[in-house]
Amino acid sequence: MSGVAKTKGPGDDVPVSGDLVALSGVNKHFGALHVLQDIDLTIARGEVVVVIGPSGSGKSTLCRTINRLETIDSGAISIDGKPLPQEGRELARLRADVGMVFQSFNLFAHKTVLENVMLGQLKVRRTEKKAAEEKARALLDRVGVGSQCDKYPAQLSGGQQQRVAIARALAMDPKVILFDEPTSALDPEMINEVLEVMQQLARDGMTMVVVTHEMGFARSAANRVVFMADGRIVEEAAPEEFFSNPRSDRAKDFLSKILHH
Amino acid sequence: MFDFLDSGQYDLLGAFWVTVRLTVYSAIGSLIWGTLLAGMRVGPIPLMRAFGTGYVNVVRNTPLTIVVVGCSLGLHQTLQITFGGGDSADIGFRMAVLGLVAYTGTFVCEALRSGINTVPMGQAEAARALGLGFFQVLTLIILPQAFRSVVAPLANVLIALTKNTTVASAIGVAEASLLMKEMIENEANALFAIFAVVAFGFMVLTLPTGLLLGWVAKRVAVKR
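Residues numbered from 1 in each chain as written. Chains lettered and ligands numbered in written order. Predicted model: local features only at pLDDT ≥ 70, side-chain atom pairs only at ≥ 80, totals over all residues. Heavy atoms only, no water.

Novice: Describe the overall build of chain A, listing the residues and the values that go with them.
Specialist: Looking only at helices and strands, one finds nine helices and eleven strands in chain A. Reported as C-alpha extents along the three principal axes, the dimensions of chain A are approximately 55 × 45 × 40 Å. Counting every position in chain A, which comprises 261 residues, the buried fraction comes to 56%. Considering only intrachain contacts with a sequence separation of at least 6, the fraction spanning at least 24 residues in chain A is 67%. Looking at chain A as shown, the accessible area adds up to about 11200 Å², and 47% of this sits on carbon and sulfur atoms. Separation between the mean location of the 32 positive side-chain charges and that of the 34 negative ones in chain A comes to 5 Å. (Helix = DSSP H or I, 4+ residues; strand = E, 2+ residues; numbered from the N terminus. Buried < 20%, exposed > 50% of the residue type's maximum accessible area, 1.4 Å probe, protein only. Contact = heavy atoms within 4.5 Å. Areas by Shrake-Rupley, 256 points an atom, 1.4 Å probe, with all protein chains shown as cover. Lys, Arg positive; Asp, Glu negative; His and termini not counted. Charge placed at Lys NZ, Arg CZ, Asp CG, Glu CD.)

Structural data, given as structure tokens:
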């Protein structure tokens, strides 16, 4: 369990300057619980990294530290070469470049679907209203909910809401999108419609960090799989490599529990 | 029994009109002041949080009469602050509004803060993740949802405020209860009729408020 078994993945071919997200020596505690322990992780431009692991292994926390929704105790995180600033205007500017999709969608409940996708463009990017609306409609069409523009989030199914949330993130033209268990709150029949949108994004070259339990998505769309357990990155490998030939006992144990039943 | 109304000696409608004006100005003022206080209390700046908490706890627990009389005696008569001069009736009216706003703002603040607590954490997180700053998150995402969930409690505050305007009679503002005092002195034989008329007048103001805002509360509720 100790030590990180690293296999050469597609991300390793990219020179260091291509790293979009870099975490080094990141530690975080929740009280006595050491949720993130010496995390080193780099994500290259255009790379799709899937983070998997048992519950409570710190994968969601890891995802949320990247745009500083969770603060860290020690270590360094940089995005596109710039270290993560303290809370304030600088941080807000940086967050605008980092999209985030949440487990519970978190669409703004008092705004229509269209307004949800326009808000960031209008208030953060200061886009003109007409252009923002055009872009929002185009994005909503792209994720397949173009006909729901004037509804409120509560009137949509979970799968539709999550696709709106993806459109909302895309509207900011982010450099990277963080997905924090995007399908975990969905009914089984709605998972695929969300995964298909994500797969399309991956094919289009979007840089993505995806915390998920969907092993199928990890196999088909990921460039690299990061396996976490007990607050550490235990193993990093290309998906075929990881699923067919896990190196650590912890990963073998985890995979045996989820893949064979 | 209600002959005192026909004598033409008492301007009942005029007095209630002063009550209505006191209520409306104070309601608008307390809504603004209460929102500012709530913003301070949930904000990231420790000094403002401390001020908001201290202010609310001191003023909310001070009797309204003391606040209103304090404004009149302290600000007007001692410090000569008049907010634009005019005759003593105008100044008294303004002092009463100031006292009512200072006092009622604390209740608006606390109602609003409980509304803020009904907005799920994720709403603010999603807004911050988009790159919105604290002030934008508060004004675009949190407060609009918080207000919708506290329309009913704010209706209570408004009804209490309407009735609290009677305290303005303590500094001589010619609203309904001051007229009532005058009528009682002159028409002691019609005491209960006078009570009934004034109480009825207040109910005419407050009952529709409650009904209307109850309906509004249902209409604007955020569906989750």
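Novice: Quick one: what's the story with the interface of chain A and chain B, residue by residue and with numbers?
Specialist: Contacts between the two partners involve 25 residues from chain A and, on the opposite side, 19 residues from chain B. Surface buried jointly by chain A and chain B totals about 1800 Å² across both partners, of which 63% is contributed by carbon and sulfur atoms. Interface area lost by chain A to chain B is led by Phe108, Ala109 and His110 of chain A, which between them contribute 30%. Residues Arg64 of chain A and Glu125 of chain B are paired through a salt bridge, measuring 2.6 Å at the closest nitrogen-oxygen approach. Summed over the shared surface of chain A and chain B, the result is seven residue pairs in polar contact (both at pLDDT 80 or more). Mapped onto the side of chain A that touches chain B, the elements with two or more residues apiece are α2 (89-96), β7 (98-101) and α3 (113-123) of chain A. Within the side of chain A that touches chain B, the residues separate by chemical class into 13 nonpolar, four polar and eight charged. (Buried area = accessible area lost by both parts, 1.4 Å probe. Salt bridge = Lys/Arg side-chain N within 4 Å of Asp/Glu carboxyl O. Polar contact = N/O pair within 3.5 Å; in protein donor to acceptor, adjacent residues only side chain to side chain. Nonpolar A, V, L, I, M, F, W, Y, C, P; charged D, E, K, R; others polar.)

Novice: Any chance you could break down a nonpolar patch on the surface for me, citing the residues and the numbers?
Specialist: Residues and elements named next belong to chain B. Where nonpolar side chains cluster on the molecular surface, the patch consists of Val24, Ile28, Ile32 and Leu36 and spans about 370 Å² of accessible area. Assignment of secondary structure puts Ile32 in helix α1 (residues 12-42). Of the residues examined, Ile32 reaches a relative accessible area of 51% and is grouped as exposed. (Patch = residues over 30% accessible without salt bridge, like charges linked within 9 Å, V, L, I, M, F, W, Y side chains within 5 Å.)

Novice: Residue-level account of the confidence of the model for chain A, with values.
Specialist: For chain A, per-residue confidence averages 90 on the pLDDT scale, and 92% of positions sit at 70 or higher. In this model, residues 5-16 of chain A is a region of pLDDT below 50 whose contacts with residues beyond four sequence positions or in other chains number 16 contacts. (pLDDT = per-residue confidence, 0-100.)

Novice: Just give me the short version of the side chain of Ser30 of chain B, but keep the residues and values in it.
Specialist: For Ser30 of chain B, the location among the structural elements is in helix α1. Filtering out sequence-adjacent residues up to four positions away, Ser30 of chain B remains in contact with Thr35, Leu100, Val101, Thr104, Gly105, Val108 and Leu161 of chain B.

Novice: So, the UniProt feature "domain: ABC transmembrane type-1" (unreviewed entry) in chain B: which residues are in play, and what are the values?
Specialist: When the UniProt feature table is mapped onto this chain, "domain: ABC transmembrane type-1" (unreviewed entry) is found at residues 16-213 of chain B. When the span residues 16-213 of chain B is considered, its composition is 81% helix and 0% strand, and the gap between its end C-alpha atoms is 21 Å. (UniProt positions renumbered as here; feature names shortened; annotations may be inferred.)

Novice: Go over the state of the cysteines with me, naming the residues and quoting the values.
Specialist: All names here are of chain B. Applying the stated criterion across every chain yields a total of zero disulfides over all chains. Cys71 forms no disulfide, and the closest cysteine sulfur to it belongs to Cys109, at a distance of 18 Å. For Cys71, a relative accessible area of 9% puts it in the buried group. (Disulfide = S-S within 2.5 Å.)

Novice: Residues and numbers for helix α5 (residues 121-129) of chain B, please.
Specialist: Summarising burial for α5 of chain B: seven of the nine residues are buried, a large majority. Buried residues of α5 of chain B: Gly122, Gln123, Ala124, Glu125, Ala126, Ala127 and Ala129 of chain B, and no others. Taken together, the buried residues of α5 of chain B touch α1 (59-65), α2, β7 and α5 (158-170) of chain A together with α6 (134-149) of chain B. One or two residues past the end of α5 of chain B sits Gly131 of chain B, with phi positive at roughly 105°.

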